[in-house]
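Descriptive analysis of the structure
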Amino acid sequence: SQKIEQNSEALNIQEGKTATLTCNYTNYSPAYLQWYRQDPGRGPVFLLLIRENEKEKRKERLKVTFDTTLKQSLFHITASQPADSATYLCAIYNQGGKLIFGQGTELSVKP
Amino acid sequence: EAGVTQFPSHSVIEKGQTVTLRCDPISGHDNLYWYRRVMGKEIKFLLHFVKESKQDESGMPNNRFLAERTGGTYSTLKVQPAELEDSGVYFCASSQDEVAGYTFGSGTRLTVV
């Protein structure tokens, strides 16, 4: 069956460290993958998009990798800050034209 | 630019009643999507409009749900009659094209009692 799996347990890290979140998928052939941030009571906010022919994408303190062989994307936040605390969602754009979301990983950055 | 607007932000209705949710996308965005998150689950796709046409409604749970997009502008999602399992947060999103990141609204929290 098709699945998108993100770390189900919350990730707690110290301010200044690098946070690494994982997104694994099964039985999908995504044309691209997106990462979103969601704060309580708000809708998801788009962060980054990476295509299947791209290995890595960066935006400020954010970095995303995409390994179609491992069927995995990693999302990194360097020099993390308490303001980065949120739930981060991985979403796959599958053939068929819609985004399919993982359950998300809650990140907590402690001062 | 104004974001995606949804209203109401909250709705509590009794089982069997009708509720209509509204979404105003970003002006000029042809693509409009409805998603739903039920407690403890991932955000799930409901349907996709391109302008006023339904491109994909494969995620609509059943025929109690009816979505429309008048003149390719705002969209409504009606649930009639509502059941307890319809409770959740309904999100609307829009995008300029299918490959671009989506802009989401803040959602409508629907509680059916």
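The present account deals with the structure reproduced in this document.

What counts and how
- Residues numbered from 1 in each chain as written.
- Chains lettered and ligands numbered in written order.
- Predicted model: local features only at pLDDT ≥ 70, side-chain atom pairs only at ≥ 80, totals over all residues.
- Heavy atoms only, no water.
- Pairing = 2+ DSSP bridges.
- Helix = DSSP H or I, 4+ residues; strand = E, 2+ residues; numbered from the N terminus.
- Axes fitted to C-alpha atoms, helices over the stretch in contact; angles between N-to-C directions.
- Salt bridge = Lys/Arg side-chain N within 4 Å of Asp/Glu carboxyl O.
- Buried < 20%, exposed > 50% of the residue type's maximum accessible area, 1.4 Å probe, protein only.

1. A few points about the sheet that holds strand β8 (residues 75-79) of chain B
Residues and elements named next belong to chain B. Strands sit in the order β1-β3-β8-β7 across an open sheet of four strands; the sheet is antiparallel. Each end of this open sheet is capped by a strand with a single partner; those strands are β1 (5-7) and β7 (65-69). Averaged over all pairs of adjacent strands, the angle between their axes in this sheet comes to 15°, without regard to strand direction. Pairing between strand β3 (residues 19-24) and β8: five bridges, direction antiparallel. The partner of L21 across the bridge, within β8, is L77.

2. With respect to the pattern of salt bridges
What the rule picks out here adds up to 10 salt bridges over all chains. Across the pair E56(A) and R58(A) runs a salt bridge, and its minimum N-O distance is 2.9 Å. Relative accessible area serves as the criterion here: at 40%, E56(A) is assigned to the partly exposed category. What makes R58(A) exposed here is its relative accessible area of 58%. Residue E57(B) pairs with K54(B) through a salt bridge whose shortest N-O separation is 3.9 Å. For E57(B), a relative accessible area of 42% gives the class partly exposed. Residues joined in a network through salt bridges with shared partners are R64(B), E85(B) and D86(B).

By themselves, these observations are geometric and do not establish any function.
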